[in-house]
Amino acid sequence: MSDLMRKLRSRVGSAVRESWRALIVSFDINFFSQIFIEPCFNLCNLRCPYCPVGQGRQLRDMSKGMMSLDLFRRIWSKSFTAYTGTVGLYNWGEPFLNPALPAMVRHVKENSRARLVLNSNFSWRLDDRVREILECLDDDRIVISCDGFSQETCEKYRVGVDFDLVMHNIELINDRKKPQTILQWQYLDFPWNLDEAKAAEDFCKEKQIGFYLGKGWISPNYPMLPAPCPSDEDQSRCDVFRRSLTVNFDGEVYPCCAFYGPPQYSLGNASKKSIGKIFSRGKGKAMLKYLTFKSGGDDGIFCKHCVEQNTAVLESWK
């Protein structure tokens with residue numbers, strides 16, 4: 001059995017390496033299954049204790065900021081018009097704080113065949129922006145992050161949440177969205193909210209809302225972020241990059257959603273270069289070679305530190 005497993009792993013590793021080799025030779029934006037574009041960075045209406053944004057920490061020498069609509073359009077036209085995967089308009093902040101979000105959603109829907117995912121705590125009063133977004137969405141997804149089924153329980157993690165307002169907003173969105181648009185409740189489990197998870201799930205079943213029970217974790221080291229493990233010689237070093245790519249609010253490109261600075265680890269700026277050019281030279285190309293072909297790499301490639309130290313991304317930046 002061990003020989004069979006080694007052969008299977010070897011074949012999988014070879015397939016991944018061939019895929020990355022093809023990316024280097026002839027770039028295809030659809031290599032990435034999901035792209036995160038950050039509309040609102042380091043800004044949130046809640047203060048979740050295990051989130052660096054919620055703690056008010058300055059994230060890796062990066063200031064607070066919102067992506068402008070003009071910058072978003074420039075980035076999109078350079079790299080993403082042919083993209084058919086999933087675009088997450090969120091990452092390290094509350095995206096609905098950006099007043100340009102509806103126009104960004106409309107631009108994606110009118111200029112690509114990509115599917116959108118929007119994620120929010122929805123602990124704020126809905127306005128015309130939400131109506132405009134719902135009109136644009138088709139077979140896309142809206143994720144509501146709420147970790148309890150009562151004010152007392154939910155606010156233990158989502159500090160500052162108004163649970164009744166969240167529930168009111170869920171009902172409104174569910175009534176107003178198109179039938180093909182998926183509404184999903186994301187419920188992170190903690191020791192104090194497990195007893196209410198069943199009630200939240202039953203509510204979702206009754207309202208025909210998707211329900212996802214995820215792992216909340218409890219640690220000051222934020223291990224909910226990707227924690228890469230050392231790979232054997234038959235495997236690639238890491239495949240998180242294969243599944244996602246992140247464009248920060250200022251256009252800087254990072255290889256996965258756990259990366260958001262410092263700027264010295266940016267692979268390039270998507271408003272100045274296309275994603276194809278970013279990965280055909282400089283740090284982008286060096287990172288591909290490091291991950292795929294196990295080249296030595298240099299200290300300017302953050303993945304080198306992340307993988308070899310086998311630590312959570314945030315911890316390795318201390």
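About the cut-offs
Residues numbered from 1 in each chain as written. Predicted model: local features only at pLDDT ≥ 70, side-chain atom pairs only at ≥ 80, totals over all residues. Heavy atoms only, no water. Helix = DSSP H or I, 4+ residues; strand = E, 2+ residues; numbered from the N terminus. Buried < 20%, exposed > 50% of the residue type's maximum accessible area, 1.4 Å probe, protein only. Contact = heavy atoms within 4.5 Å. Areas by Shrake-Rupley, 256 points an atom, 1.4 Å probe, with all protein chains shown as cover. Core = buried A, V, L, I, M, F, W, Y, C linked by side-chain atoms within 4.5 Å. Pairing = 2+ DSSP bridges. Axes fitted to C-alpha atoms, helices over the stretch in contact; angles between N-to-C directions. Polar contact = N/O pair within 3.5 Å; in protein donor to acceptor, adjacent residues only side chain to side chain. Expected span 1.5 Å × (residues − 1). Arc of directions from axis to C-beta. Parallel < 35°, antiparallel > 145°, perpendicular 65-115°, else oblique. Nonpolar A, V, L, I, M, F, W, Y, C, P; charged D, E, K, R; others polar. Left-handed = near helix turned anticlockwise from the far one by under 90°. pLDDT = per-residue confidence, 0-100. Phe/Tyr/Trp six-rings, centres within 6.5 Å; stacked < 30°, edge-to-face > 60°.

1. Digging into the overall build of the protein
Across its full length, the protein holds 11 helices and 10 strands. Going through the 318 residues of the protein one by one, you find that 53% of them count as buried. A sequence separation of at least 24 residues applies to 72% of the contacts in the protein between residues at least 6 apart. Accessible surface, the protein: about 14,700 Å² in total, of which carbon and sulfur atoms supply 49%.

2. Observations concerning the nonpolar core
A general tendency of soluble globular proteins is for nonpolar side chains to be buried together. Formed by 77 residues in total, the largest nonpolar core has its most connected members in Ile37, Phe80, Leu89, Ile275 and Phe279. Examining the composition of this core, we find that five residues originate from one element, helix α6 (residues 163–176), more than from any other.

3. Side note on the sheet that holds strand β4 (residues 86–88)
Read across the sheet, eight strands follow the order β8-β7-β6-β5-β4-β1-β9-β10 without closing on themselves; strand pairing throughout is mixed. Each of the sheet's edge strands pairs with one partner strand only, and the pair in question is β8 (210–215) and β10 (253–254). Of the pairings in the sheet, the one linking strand β6 (residues 141–145) to strand β7 (residues 182–189) comprises five bridges and is parallel in character. Across the sheet, Ser145 pairs through a bridge with Gln186, a residue of β7. Of the strands in this sheet, β6 and β7 touch α6, which is tilted by about 155° from β7. Lying over the sheet, helix α7 (residues 194–207) contacts β7 and β8, oriented at roughly 175° with respect to β7.

4. Thoughts on the side chain of Ser79
Following the sequence through the fold, Ser79 ends up in helix α2 (residues 69–79). Ser79 sits in the buried class, given a relative accessible area of 12%. Looking at Ser79, its side chain comes within polar contact range of the main-chain nitrogen of Ile275, at 2.8 Å. Once you skip the residues sitting within four places of it in the chain, Ser79 turns out to touch Ile29, Ser274 and Ile275.

5. Points about α7
With 14 residues, α7 should reach 20 Å at 1.5 Å per residue; the first-to-last C-alpha distance of 21 Å fits that figure. Residues of α7 that are buried include every one of Glu196, Ala197, Ala200, Phe203 and Cys204, and no others. Projected onto a plane normal to the axis of α7, the buried residues spread over an arc of 130° and lie on a single side. Along α7, the residues that are exposed and aim more than 90 degrees away from the buried face are Asp195, Lys198, Lys205 and Glu206. Buried-residue contacts for α7 involve α5 (151–154), α6, β7 and β8.

6. Digging into the packing of helix α3 (residues 101–110) against helix α4 (residues 128–136)
It is the contact of α3 with α4, at a shortest axis distance of 9 Å, that shows an interaxial angle of 10°. Taken together, the axis directions place α3 and α4 in an arrangement best described as roughly parallel. Between α3, through Leu101, Pro102, Val105, Arg106 and Lys109, and α4, the contact on the second element is made entirely by Arg129, Glu132, Ile133 and Cys136. The residue inventory of the contact of α3 with α4, partitioned by class, reads five nonpolar, no polar and four charged.

7. Description of the packing of α2 against α3
At a minimum axis separation of 10 Å, α2 and α3 run at an interaxial angle of 20°. On the basis of the axis angle, α2 is roughly parallel to α3. Relative to α3, the crossing made by α2 is right-handed. Here Leu69, Phe72, Arg73 and Trp76 of α2 lie close against α3, whose contacting residues are Ala103, Met104, His107 and Val108. Split into classes, the residues belonging to the contact of α2 with α3 amount to six nonpolar, one polar and one charged.

8. A few points about α2
Restricting attention to buried positions, one finds in α2 the residues Leu71, Phe72, Ile75, Trp76 and Ser79. Viewed along the axis of α2, the buried residues span an arc of 130°, placing them on a single side of the element. On its buried face, α2 sits against β1 (34–37), β4, α3, β9 (245–247) and α9 (275–278).

9. Quick notes on the confidence of the model for the protein
Confidence in the prediction of the protein, expressed as mean pLDDT, is 83, and 78% of residues score 70 or more. For the stretch residues 219–231, pLDDT sits under 50, and the model shows 33 contacts to residues farther than four places along the chain or on other chains.

10. Remarks on the packing of aromatic side chains
For the structure shown, the criterion picks out 18 aromatic pairs. Taking 5.4 Å as the distance between ring centres and 5° as the angle between the ring planes, the aromatic pair formed by Phe41 and Phe249 counts as stacked. Separated by 208 residues along the polypeptide, Phe41 in strand β2 (residues 40–41) and Phe249 in the loop between β9 and β10 bring together distant segments of the chain. Phe249 matches Phe41 in its accessibility class, with the two residues each being buried. On the basis of an interplanar angle of 35° and a centroid distance of 4.8 Å, the ring pair of Tyr157 and Phe190 is categorised as tilted. Of this pair, Tyr157 sits in the loop between α5 and α6 while Phe190 sits in the loop between β7 and α7; the two residues are 33 residues apart in sequence, bridging distant segments of the chain. Here the two residues Tyr157 and Phe190 agree in accessibility, since each one is buried.

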